[in-house]
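Fold and geometry: a report
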Amino acid sequence: MTAQAGPASIRAGGSYGYGHQLAGLGANGKFDGTATTSDDTSFYFKTYGADVEVDTRWVFLATEVIQSERYGWNRATGSRPGYDARGWYAGAYGKTPWNVGPIFRAERYDRNRNASDDLNERYTVGAYVDLLPVNARLIFNYEFDESDEPVRTGN
């Protein structure tokens, strides 16, 4: 969906997906149907999200939020462990008449909302330069990693 608000354009969207995947996680590491199904695992997932973009003369803003629900079924044990993941990002990208601009982005992703110490949180600052004769863009940025220690990859 797109709308005009004076000189700005606003776009909104959504997504939804679901599925089922079989994986061989047992001794032979294959889903080949030749042995018992005791080493095969089924994964079921449902994912949905929403996004909004605002484009003006001086700034482009984008944000998205996503939720994912996943559970597995281990045929050997009969267990059905599951978890929910949630994440979002928001970005602001400045525009100037000189084909350069600032960049700021914040993002957060909790891969398992029932577990601790698995939250990814990052902040990115930088700038871009458009090289119009070759239709390319150079991006210079620095990422601050404020994630939980077990999943932190560093700045």
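Structure's up top.
These lines cover the structure that appears in this document, whether it is placed above or below. Keep in mind that what you see is a predicted model, and the values were worked out from it rather than measured.

What follows concerns the packing of aromatic side chains. Evaluated as defined, the whole model comprises five aromatic pairs. When the ring of Y16 is compared with that of Y18, the centres are 6.0 Å apart and the planes differ by 40°; the resulting orientation is tilted. You can call Y18 exposed: its relative accessible area is 64%. For the pair Y142 and F144, a centre-to-centre distance of 5.0 Å together with 75° between the ring planes defines the contact as edge-to-face. What makes Y142 partly exposed here is its relative accessible area of 42%.

Quick look at the pattern of salt bridges now. For the coordinates displayed, the defined rule picks out eight salt bridges. For K95, the salt bridge identified is with D55, shortest N-O distance 2.3 Å. One end of the pair, K95, is in the loop between β5 (82-94) and β6 (100-110); the other, D55, is in strand β3 (residues 40-55), and 40 residues separate them in sequence. One salt bridge connects E149 with R152, and the closest N-O pair in it is separated by 3.0 Å. For E149, a relative accessible area of 57% gives the class exposed. Looking at R152, the relative accessible area reads 38%, which means it is partly exposed.

Conventions adopted
- Residues numbered from 1 in each chain as written.
- Predicted model: local features only at pLDDT ≥ 70, side-chain atom pairs only at ≥ 80, totals over all residues.
- Heavy atoms only, no water.
- Phe/Tyr/Trp six-rings, centres within 6.5 Å; stacked < 30°, edge-to-face > 60°.
- Buried < 20%, exposed > 50% of the residue type's maximum accessible area, 1.4 Å probe, protein only.
- Salt bridge = Lys/Arg side-chain N within 4 Å of Asp/Glu carboxyl O.
- Helix = DSSP H or I, 4+ residues; strand = E, 2+ residues; numbered from the N terminus.

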